[in-house]
Amino acid sequence: MDQARTTISKIFNGEPRSYTRFNLTQNMEGDNSHVEMKLSSDMDDEVEANGVGESINQHNRPYYPSKLNQRSPKTICGFVIAILFLFIIGYLIGYLSNRSTVKNEIKSNCPVFSETTQVRAQPVYSLDWSDLRTLLKKKLSTDNIKSNLKEFSSVSHQAGSSGDEALANKVMAKFRTFGMTPWTDEHYVKVQDRGTSNKVLFRGNAVGTTEGYLAYSAVATVEGAALYAHYGRAEDFRRLRELNVDVNGKVVLIRAGLLSFAEKVANAASLNASAVLIYPDPVNYEISDDTALFGHVHLGTGDPYTPGFPSFNHTQFPPTASSGLPLIPAQTITVKQATEIMSKLGGRSLPDGWSEGMLWDTRLGDENDNITVEVNNVLVQKKIHNVFGVIKGYMDADRYMVIGAQRDAWGPGFARSTVGTSLLVELARTITDMIKNDGFKPKRSLVFGSWSAGEFGSVGATEWLEGYLTSLNLKAFSYISLDEVISGFDSFKASASPLLYDLLESTMKQVSPTVDATKSLHEQFAGSNWEKSVMEPMGLSHSAYPFQSFSGIPSLSFRFTSSSKLYPFGTYEDTELSLDRYTSSSTLKLAKTAGEVAGLMTLRLVHDHLLKLNVAKYTSVIRNYVSQIRAKVESRQMVRRLPSTLTMQWLLSAQGSYDRAASSLASVIRNSDLDDMEQCRIINNRIMRVEGSLLSPYASPRDSPFRHIVLGSGSHTLAALVDHLEAIRGNLQSADVDQFRNQFAFATWTIQGCANALAGEVWDMDNEI
């Protein structure tokens, strides 16, 4: 018992050399007459071999071992319970503490950053560039492309139709097969179907059968004298004005080609024409006399009845319409109908160069050549689906490029949509295979998009951009379009942001067209000045245009085409047989080459540590515009057509700020450790800000949706400033001066804002102006 007592004392006191001694004195009646508790620190004196202390007598304290041995069972039981209770408490505390530690360790998979320790992101090592290039060329298969062309060919797949939906499901199934998790984006858009009673009368008589139509035309019946206006370009109408030919009230006949139908109609409407008829001239097309032509005349992209915002079903806005909808009727006619009208026109002879190659002797027309145009198109709402698949990046998954293709068409649409969709699917298969089987690890994400309602003006793509504009801001860094990539074989053309020029040129040097494998694309098509030979302005007819000019995403579209005849896009003759004829039976080989161009540019953009976007390219573009504006401003000021208070100082300083910011970034890149992923990300962020910063913040997205001051359209652009100065005649009205000065100031500060964005942090910005 004494040994037990000593053990208990150790437990309660914890100190190895102290215990508690109880001295009990009990009287004869059984009452406790004395209880004493003493603490001792000398256990060696207290404990002997049997566990009973002998030092009690040394301290003159009485000790009664016999009394202790008679301690009650209740007391002993209490000690045992206390020991068990403390043991259980200690066990529970230890268990809960250990569990908390494990839980924290599970959470610690996420990086923890302290204020004093910098964690450097490690690069993801993938295949080197030569390996990637070889793999892409090896894995892109003409057999797979041929199989895709067969699978995605369809006689009827107009936007919102069952045929369009069936193709969407096929694309989704393909993406799933490649290991992606596809998703769809659903929109309810308003489009125009052809009216059953659209007709054209010449001198009171119906002219042939009017099967084709132009979506978004004004619905009306008008009459007017005929007037031939060549291609309907601004310079064509200027030529008529120089000849003192009045356009007001006329029904204007215009050739298809060179610019979009919408721009042709807008040009005629701006001069108060009453209607427009567009036909495919045999000079430009090799099609049947009765082949119908389809298109749209909305001077914009997307659903024109939800301008600037997405056409989701849950969005409820008051009725509105795009400012790009024409107020006059427009209609297409066949070659046969055009022949019947134009061979009988009277009036003045055509200006020099307008009649070259024409099959009939025609004139400009006179007041006796009366034409009636009746358009009864029907506005309907359709549900469309965009289909997406994604390959997520291994480092910067929140930075992604988009590669897309239109899926719908008016008729067979083989070159318009089938080729692009087939290439989209083949590129998705190739790149996912490189990841699964060859160790490719893209640093950034890659989104594949299959768009619907492209024939109505990139409606599906634009609605997606409008719906997710804030999500795409500073995340989507590039877009490549696969639409219309093949329509011939003897010419190669491209339209792109200047940021992508260098990447396109280097890619052309690495790709050999399979129709002539002895030369690269650059050697075959670049000539002495590759930009002049290959590059052309990006306009409304390019499906990449809304990405570039509406969203500020550096974009590219390219194509193999014919240098002699226009391909019959927008007709029922857009078939596999027609494309084989235009490509000299090289469709599959050209498709593989086009896939290599798009694929190599895509891989370069998602593989390299730094984005292959050259911000210095905009330096010369901006400088060129500023030089033109300066020359014209100074010349107009000399003859007092502009006030002398208008100064070029601020515009020149803004241009200089951009030059310095671009040079500074180049210096940062040269002096940076490009294996430091955080440093690369900071540099890439500065590069990605450039294109979006060239969208004018002063232009309304509803009235001027293409806000890019260099590549957009509207009075806010640098080109519009040049045109405004060119058009100055005589003394300006004060209102004109104020309007010009406003746009001049807006352009100045848009350029300065872009320079500030490129400079980086606020403390690095150039405030010299």
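The structure this text deals with has already been given above.
So, here is what we can say about the structure in this document. (Residues numbered from 1 in each chain as written. Predicted model: local features only at pLDDT ≥ 70, side-chain atom pairs only at ≥ 80, totals over all residues. Heavy atoms only, no water.)

## Comments concerning the packing of helix H6 (residues 142–152) against helix H11 (residues 414–438)
How two helices pack is summed up by the angle between their axes together with the distance between the axes. Two elements in contact, H6 and H11, have axes separated by 9 Å at closest approach and are oriented at 130°. In terms of axis orientation, H6 runs oblique to H11. Here H6 runs over H11; the crossing is right-handed. Of H11, the residues touching H6 (which contributes Asn 144, Ile 145, Asn 148, Leu 149 and Phe 152) are Phe 414, Thr 418, Val 419, Thr 421, Ser 422, Leu 423, Val 425, Glu 426 and Arg 429. When grouped by side-chain class, the residues that make up the contact of H6 with H11 number seven nonpolar, five polar and two charged. (Axes fitted to C-alpha atoms, helices over the stretch in contact; angles between N-to-C directions. Helix = DSSP H or I, 4+ residues; strand = E, 2+ residues; numbered from the N terminus. Parallel < 35°, antiparallel > 145°, perpendicular 65-115°, else oblique. Left-handed = near helix turned anticlockwise from the far one by under 90°. Contact = heavy atoms within 4.5 Å. Nonpolar A, V, L, I, M, F, W, Y, C, P; charged D, E, K, R; others polar.)

## Notes on empty space enclosed by the protein
Within the structure shown, the criterion is met by seven cavities of 30 Å³ or more. In this model, the second largest cavity occupies a volume close to 60 Å³. The wall of the second largest cavity is formed by Gln 406, Trp 451, Ser 452, Gly 454, Ser 458, Ala 461, Tyr 479, Asp 483, Ser 543 and Phe 547. Grouping the amino acids of the lining of the second largest cavity by side-chain chemistry returns four nonpolar, five polar and one charged. (1 Å grid on protein atoms, 1.4 Å probe; cavity = no way out; pocket = protein on both sides within 12 Å on 5 of 7 lines; lining within 4 Å. Points joined across faces, edges and corners; volume = space filled by probe spheres on them.)

## Examining the nonpolar core
In terms of nonpolar packing, the biggest core is built from 114 residues, with Phe 448, Phe 558, Ile 629 and Tyr 658 touching the most fellow members. No other element matches H11, which puts 11 residues into this core. If you look at the next biggest cluster of nonpolar residues, it comprises 46 residues, including Leu 253, Val 265, Val 373 and Val 375. (Core = buried A, V, L, I, M, F, W, Y, C linked by side-chain atoms within 4.5 Å. Buried < 20%, exposed > 50% of the residue type's maximum accessible area, 1.4 Å probe, protein only.)

## Considering the pattern of salt bridges
Following the criterion strictly, the structure yields 24 salt bridges and no others. Ionic pairing is found between Lys 139 and Asp 438, a salt bridge with its closest N-O pair at 3.1 Å. Residue Lys 139 is found in helix H5 (residues 129–139), and its partner Asp 438 is found in helix H11; the two are separated by 299 residues along the sequence. On the basis of relative accessibility, which here comes to 25%, the residue Asp 438 falls in the partly exposed class. Of the charged contacts in the structure, one is a salt bridge between Arg 399 and Asp 398, with a shortest N-O distance of 3.1 Å. Classification of Arg 399 by relative accessible area gives buried; the value is 11%. Overall, the relative accessible area of 30% leaves Asp 398 in the partly exposed class. Via salt bridges that share partners, Asp 396, Asp 398, Arg 399 and Arg 681 belong to a single interconnected network. (Salt bridge = Lys/Arg side-chain N within 4 Å of Asp/Glu carboxyl O.)

## Quick word on the pairing of strand E14 (residues 396–406)
Taken residue by residue, a regular strand's side chains alternate between the two faces of the sheet. Burial runs high along E14: nine of the 11 residues are buried. One ladder, built from eight bridges, connects E14 with strand E15 (residues 444–451); its direction is parallel. Pairing of Ala 405 across the sheet is with Ser 450, part of E15. Traced from E14 through H11 to E15, the parallel crossover comes out right-handed. Taken together, the five bridges between E14 and strand E16 (residues 476–481) define a ladder with parallel strand orientation. Each residue of the ladder has a partner; that of Ile 403, found in E16, is Ile 480. (Pairing = 2+ DSSP bridges. Right-handed = clockwise from strand over helix to strand, strands pointing away.)

## Looking at the sheet that holds strand E18 (residues 555–561)
What the seven strands build is an open sheet, ordered E3-E13-E15-E14-E16-E18-E17; its pairing is mixed. Two strands bound the open sheet, and with one partner strand each, they are strand E3 (183–193) and strand E17 (491–496). The average angle at which neighbouring strand axes cross in this sheet is 20°, direction not considered. Helix-sheet contacts for H11 involve strand E13 (378–391), E14 and E15, and the interaxial angle to E14 is about 150°.

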